[in-house]
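Chain residues, written in single-letter form:
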Amino acid sequence: MIVFLLLILVIVMIGLHSRTANRVGALERELEAVKADLAKRQAAALPAAIPAEAAAEAIKDEPVSPVELAAREAAEEEAAPETQAAVVSEDAGTGHETVIPGPAVPATRAKGRENLESYLGARWPVWVGGVALAFGGIFLVRYSIEAGLLGPGARLTLAAIFGLILLAAGEIVRRRFSPWAMPQISERYGNALSGAMIPGVLTAAGAVTLLGAIYAAHAIYGFIGPASAFILLALVSFATIALSLLHGQALAGLGLLASLATPALVASEEPNANALFVFLGLTWVAVNAASRFRRWTVVPMLANIGVGLWAIVYAAGAETFDPMPPALALIVMIAGTGFFWPGARYGADLPGKPGWRGLLTRPPLKITLSVAIMALLPALVMILRQTEEGGIVLFAAAAVIATVAALGASRPWAVWPALIAAAGAVFGIAITALSWLDYSVPIPADGQPAPAPLTFGNEITVYLLLGAVFAFLGFVFLRRFRKSEPEFSIVWAFLMPAVPATLAFVSFLNFGNLGRDLTHGLYGLGLGLALLAGAEWLFRRSEETPEERIGPLIDWPANLLVAGSFAGFTLSLHALTNGIVTTILVSVLGFAYVLAMRLKPWPALPWVMAAATLIVFGRIAWEPTLIGPNSLGTTPFLNALLPGYGIPTLLAAATAYILKDSPDFRIRNVMQALASLAGLMTVAVLVRHAMNGGVLDSRVPTLGEQSIYTLLAVGFSGVLMTLDLKSPSPVFRFGSMIAGVIATVNVLSLHVFALNPYFSGENTGPWPFFNLLLLGYLLPALAYGLVAWYARGRRPQPYVVMLALAGAVLGFLWATLSVRRFWQGENIADWKGFLQGETYTYSVVWLLIGVALLALGSRLDARSLRLASAGLVLIAVAKVFLIDMSNLEGILRALSFIGLGAVLIGIGLFYQRILVKKDGEPAPADSPTDSQESTP
């Protein structure tokens, strides 16, 4: 009790001190006014020729005491209206300067920065003192309990009285101290010490004391029941929030914390979800009402987090889950954010960064992120429980997500709610699609009827409607804010087709009838038509009002709606058709957009064909046979693959031809690349089908099949090179070289090693010349030689050399393997070893090839061929000395060395003749030079 009385005495003395401080302050102000008048008279006594600025500097430079300095500062603040500014004028006749009294100029002073002294002297003592008061009340109650001085009722009564005294003291100090202290502190330190005001700390300590007393009366002593405790705690919390209008945002946070903790502190055997979320909704409204009046942003964020966490806890832990109370509370929170605080006008007068960065960081960022995230998370938890509770839970969750999306569409500052709502919708249907796997169909017992098949009418209805809401909200936003919010308009123009199409596709694949689904098909058709009409509306509006066009070259929102309409129509095709028909119709649909360019000059139209071609590629990757492996015929070429691959390829090629003169080089190059790739893929698949007995699977190709692919790649490189010469294009130029490089990689990895009959043991066929070696090596070698010859002067030197070397390697392998086939028969596998005659024949053949290359190089004056000849002869020499010497015997060894010597001498004589001819005869004028022929 002594401590209690001392605390009361301290509070009373603080009040008396504040009254004395008021009187002293009044006396100081009168003294400062007198000193200010004295300083003004001193300035007037200076010579008239000295300007007012010089007089002020002279007065400023005089040594003054701290009291006089304070007097001058006070004079500048309070006597500013009476202060006259000196204006210097020049007499035209005499040239003398005259000081003329002028109107008062208000003096400004920079606000002081909070330093260590202000921290230690003004901030921390206040907060520590408030905490000490709160603990003092707690310790006082504890001491009375331990000493047995008072009973529980008396202790709680004294605690409540102490809390009320603290509240009253806070109000007294606010009224007597704040009116003259707060302006000076705010003048000097701004808002740095706004959270360290004594009235607010006293009020907070009193609120904590009252809350503790009420909770102890219920939870510890049982003096009051749950309902009474709940009401009293709520009243104190709301009163604290109301007092925060006088004492600041920190006190509002305390009241909010107490309100959020009240339902947890007051336990009930029969919890009522309706009462809980009505109370939370009222708490949210009270906090945001105070925040709207004071333009706070931190406390509303905390309120959003609190309501969202309560909804998550209830949705995850309630045994009997009713989704309507939390859903309605969340909807109130979202709607209040959009229409009450921050509402429609917040941020209109605040400067923001231009462009996308400003769009994503515009105020009020704390509130927008918190309300969107803390509404989305409970909705996702509800979706997780929808398999237990039924379709009403899914409807409630979708309603919350739709409300967040509506907030994003109704306010220009709500870009994050729009994006988070879209992500929540997609993530929600993904959770639903995964949760249906948990459904189990019981096995019927003997004599029992089979269970009804699973239906997903609720899931389909909810997500299709949710997608339609996003499309509608996008139209609403574009109608209202398309001109004032160009970046956000692009965001909504993307979301309004992307979200409905994604939700509908996932719904169709997981809950629909994959054979033929009229619901999803008609939905996709309606979505496509609506978006196409929206694109027409936006384009027409841009033509009527060119100042509304977004960007100098392209209207992004309108073009995004064009692309979205294609997504809707594609959904309709997948739902109403299947197999090869869907693949063909997707490409036909894309080509229809290309033909529409004759009617509408919309930039997005040709890009739709590129998207259609990519979708066709995706369908082919998913099912290469297009109609199923069991339905695919075995007839080579004349089967379902021909129209399934051929029609999209022809349409892609036609599109590339239509766009050959398009000013947009990007789509022109893209379609040329896609058409070229589609053509190569079509031929390759038809070959694969024909070479494997009408079967398309993942088996490793044979050398014959791979050889056809190599010929196709090399020929494709030549075709693209020809197209580039006729119509120069980077796609044709780089595509031709990419095709050549891919073919060369296949040669070095497959022809030389993996599929080589010497290593694989594959049979080469019964015919002496027309066999697997012809197809696998000689024909690709000739193809490489022709393309290398065609590429001379048209492609970079390294690329031409690569082609020539690949062809030379293939030719050398054909000759060598043909020798082995001659001696070993159809099978030339390595396990057979080598015959002496075979070993000798290799040397002869290699030397003959070397001589032939030398002769051809001499005739064509091609230094590269002569170098190849020299390299091959060098290989033959190494082979004779390293292999023939050890493996051959008798006459064969002698003949090998004799033949090698004769050939080497002949080559030497031949080279001498060539050199003599070059030295004695000038080269023809039209013949290529050595430098030109050194490398192809």
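Residues numbered from 1 in each chain as written. Predicted model: local features only at pLDDT ≥ 70, side-chain atom pairs only at ≥ 80, totals over all residues. Heavy atoms only, no water.

1. Considering the overall build of the protein
When its secondary structure is counted, the protein shows 33 helices and 2 strands. Across the 936 residues of the protein, 43% fall into the buried class. Across the protein, every contact between residues at least 6 apart in sequence was considered, and the portion connecting residues at least 24 apart equals 71%. Per element, the accessible surface of the protein, about 47,800 Å² overall, is 69% carbon and sulfur. (Helix = DSSP H or I, 4+ residues; strand = E, 2+ residues; numbered from the N terminus. Buried < 20%, exposed > 50% of the residue type's maximum accessible area, 1.4 Å probe, protein only. Contact = heavy atoms within 4.5 Å. Areas by Shrake-Rupley, 256 points an atom, 1.4 Å probe, with all protein chains shown as cover.)

2. Concerning the packing of helix 17 (residues 457-481) against helix 18 (residues 486-511)
When two helices pack together, their arrangement is given by the angle between the helix axes and by the axis-to-axis distance. Between helix 17 and helix 18, whose axes approach to 9 Å, the crossing angle comes to 170°. Classified by the angle between their axes, helix 17 and helix 18 sit roughly antiparallel to one another. Taken together, the residues that form the contact of helix 17 with helix 18 break down as 19 nonpolar, 4 polar and 1 charged. (Axes fitted to C-alpha atoms, helices over the stretch in contact; angles between N-to-C directions. Parallel < 35°, antiparallel > 145°, perpendicular 65-115°, else oblique. Nonpolar A, V, L, I, M, F, W, Y, C, P; charged D, E, K, R; others polar.)

3. Some words on helix 7 (residues 226-247)
Helix length check: helix 7 (22 residues) gives 30 Å between terminal C-alpha atoms against 32 Å at 1.5 Å per residue, within 8%. Buried within helix 7 we find Ala-229, Leu-233, Ala-234, Val-236, Ser-237, Thr-240, Ile-241, Ser-244 and His-247. Downstream of helix 7 by a residue or two, Gly-248 has a phi angle that is positive, lying close to 115°. (Expected span 1.5 Å × (residues − 1).)

4. Some details on the side chain of Thr-403
Positionally, Thr-403 belongs in helix 15 (residues 391-410). Of the polar contacts made by the side chain of Thr-403, one reaches the backbone oxygen of Ala-399; its length is 2.7 Å. Apart from residues no more than four positions distant in its own chain, Thr-403 is found in contact with Ile-331 and Ile-334. (Polar contact = N/O pair within 3.5 Å; in protein donor to acceptor, adjacent residues only side chain to side chain.)

5. Remarks on the nonpolar core
Counting residues in each nonpolar core, the largest one holds 73 residues, and the members touching the most others are Met-382, Leu-466, Phe-470, Phe-488 and Trp-492. Among the elements that line this core, the one with the most residues is helix 15, at 12 residues. Formed by 49 residues, the second largest nonpolar core is a distinct cluster that contains Ala-535, Leu-561, Val-586 and Ala-675. (Core = buried A, V, L, I, M, F, W, Y, C linked by side-chain atoms within 4.5 Å.)

6. Examining the pattern of salt bridges
Summed over all chains, the structure comprises 8 salt bridges. The closest approach of N and O atoms between Lys-660 and Asp-661, which form a salt bridge, is 3.0 Å. Lys-660 gets classed as partly exposed once you look at its relative accessible area, which sits at 34%. Arg-666 is the salt-bridge partner of Asp-664, the closest N and O atoms lying 3.1 Å from each other. Within this structure, Glu-536, Arg-540 and Lys-600 form a network of salt bridges that share partners. (Salt bridge = Lys/Arg side-chain N within 4 Å of Asp/Glu carboxyl O.)

7. So, the packing of helix 15 against helix 16 (residues 415-435)
The contact between helix 15 and helix 16 brings their axes to 7 Å, and the two run at 160°. Considering their axes alone, helix 15 and helix 16 lie roughly antiparallel with respect to each other. You can see that helix 15 and helix 16 cross each other, and the crossing is left-handed. Contact residues: helix 15 offers Leu-394, Ile-401, Val-404, Ala-405, Leu-407 and Gly-408, while helix 16 offers Pro-417, Ala-418, Ala-421, Gly-424, Ala-425 and Thr-432. Among the residues making up the contact of helix 15 with helix 16, the classes are represented as 9 nonpolar, 3 polar and no charged. (Left-handed = near helix turned anticlockwise from the far one by under 90°.)

8. Structural notes on the packing of aromatic side chains
Evaluation of the coordinates by the stated rule reveals 18 aromatic pairs. Judged by centre distance (5.4 Å) and plane angle (45°), the rings of Tyr-314 and Phe-321 are tilted. Considered together, Tyr-314 and Phe-321 belong to a single accessibility category, that of buried residues. Between Phe-470 and Trp-492, the ring centres sit 6.3 Å apart and the planes meet at 40°, which makes this aromatic pair tilted. Of the two residues, Phe-470 sits in helix 17 while Trp-492 sits in helix 18, which places them 22 residues apart along the sequence. Taking the relative accessible area as the measure of exposure, Phe-470 reaches 0% and is therefore buried. Residue class for Trp-492 comes out buried when judged on its relative accessible area of 0%. Taken together, Phe-470, Phe-477, Phe-481, Phe-488 and Trp-492 form an aromatic cluster joined through their ring pairs. (Phe/Tyr/Trp six-rings, centres within 6.5 Å; stacked < 30°, edge-to-face > 60°.)

9. Describing the environment of Ile-627
Inspection of the secondary structure puts Ile-627 in the loop between helix 22 (605-622) and helix 23 (641-658). Residue classification places Ile-627 among the partly exposed positions, given a relative accessible area of 29%. Between the C-alpha atoms of Ile-627 and Ile-580, which are 47 residues apart in sequence, the distance is 5.7 Å. In this structure Ile-627 touches Ile-580, Leu-632 and Ala-640, once residues within four positions along its chain are discounted.

10. Quick look at a nonpolar patch on the surface
A cluster of nonpolar side chains, namely Met-324, Leu-328, Ile-392 and Phe-395, defines an oily patch on the protein surface of about 350 Å² accessible area. Looking at the nonpolar patch, the elements that each hand over two or more residues are helix 11 (324-339) and helix 15. Residue placement: Leu-328 occurs in helix 11. (Patch = residues over 30% accessible without salt bridge, like charges linked within 9 Å, V, L, I, M, F, W, Y side chains within 5 Å.)

11. Focus: unusual backbone geometry
Going from Trp-341 to Pro-342, the amide bond is cis rather than trans, its omega being 5°. Counting through the fold element by element, Pro-342 comes out in the loop between helix 11 and helix 12 (355-361). A positive phi is found at Arg-295, a non-glycine position, where the angle reads about 60°. As for its placement among the helices and strands, Arg-295 is situated in the loop between helix 9 (273-294) and helix 10 (298-317). The partly exposed category is assigned to Arg-295, whose relative accessible area is 46%. Phi is positive for Phe-637, which is not a glycine, with a value near 70°. By the element assignment, Phe-637 lies in the loop between helix 22 and helix 23. Judged by relative accessible area, which is 41%, Phe-637 ranks as partly exposed.

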